[in-house]
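Next come the chains, spelled out residue by residue.
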Amino acid sequence: MILLCGHGKYGEMIKNSVEMIAGKQDNIFTIDFTEEMSVTDIIEQYNKRIAFAEDEVSIYCDIPGGSPANAALLTKKNSNGVRVFTGLNLSMVLSLVMGESAESSLRDAKDSIKEL
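Residues numbered from 1 in each chain as written. Predicted model: local features only at pLDDT ≥ 70, side-chain atom pairs only at ≥ 80, totals over all residues. Heavy atoms only, no water.

With that settled, the discussion passes to the environment of aspartate 41. Looking at where aspartate 41 falls in the secondary structure, it is placed in helix 2 (residues 39-50). A residue is classified by how much of its surface remains accessible, and aspartate 41, at 27% relative accessible area, is partly exposed. When the C-alpha positions of aspartate 41 and leucine 73 are compared, they lie 14 Å apart, and in sequence the two are 32 residues distant. (Helix = DSSP H or I, 4+ residues; strand = E, 2+ residues; numbered from the N terminus. Buried < 20%, exposed > 50% of the residue type's maximum accessible area, 1.4 Å probe, protein only.)

Following this line, the structure appears as structure tokens:
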């Protein structure tokens, strides 16, 4: 299971873009972090999704040190089989849905950052 979370509807918008390119993705879920939410609220949302996971869960967040990432780290601390990544971008998620490993998707995300 892949969880995408960022400030505002960032995760949802990334998923929409991925599905525009690669088709429907049944194993990707999003959690919106809105202004009225706390880290505790995000953790509750993560835990609700993780409860339905049949295998490892990877949480991808927008920025290190942000509330979604901090909540993900606290969730990981209390859950087995949870991995946390930051720097969420479209290239990263496209690599994942094309079957690349998490490590490869991180390289692809870094490689996609260029001045043209």
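Moving on, we come to the packing of aromatic side chains. Taken as a whole and judged by the stated rule, the model has one aromatic pair. Above the ring of phenylalanine 29, the side-chain terminus of lysine 15 is found at 6.0 Å from the ring centroid. (Phe/Tyr/Trp six-rings, centres within 6.5 Å; stacked < 30°, edge-to-face > 60°. Lys NZ or Arg CZ within 6 Å of the ring centre and 35° of its normal.)

On to the pattern of salt bridges, then. The tally for this structure, following the rule as stated, stands at five salt bridges. Glutamate 19 serves as the salt-bridge partner of lysine 15, at 3.9 Å between the closest nitrogen and oxygen. Linking lysine 15 with glutamate 19, this pair stays in helix 1 (residues 10-22), spanning four residues, or about one helical turn. Residue classification places glutamate 19 among the partly exposed positions, given a relative accessible area of 22%. In this structure, glutamate 103 and arginine 83 form a salt bridge, with 2.6 Å as the shortest nitrogen-oxygen distance. Taken together, the residues span a long stretch of sequence, with glutamate 103 in helix 5 (residues 102-111) and arginine 83 in strand 4 (residues 82-86) at a distance of 20 residues. The class of arginine 83 is partly exposed, set by a relative accessible area of 28%. Beyond isolated ion pairs, a larger network of salt bridges with shared partners links Lys9, Glu12 and Asp32. (Salt bridge = Lys/Arg side-chain N within 4 Å of Asp/Glu carboxyl O.)

Right, let's get into the environment of methionine 98. Here methionine 98 shows up in the loop between helix 4 (90-97) and helix 5. For the pair formed by methionine 98 and alanine 22, sequence separation is 76 residues and the distance between their alpha carbons is 8.3 Å.

Let us now look at the confidence of the model for the chain. In the predicted model, the chain carries a mean pLDDT of 94, and the fraction of residues at 70 or more is 100%. Between the elements of the chain, mean pLDDT differs from a low of 88, seen in helix 5, to a high of 97, seen in helix 1. (pLDDT = per-residue confidence, 0-100.)

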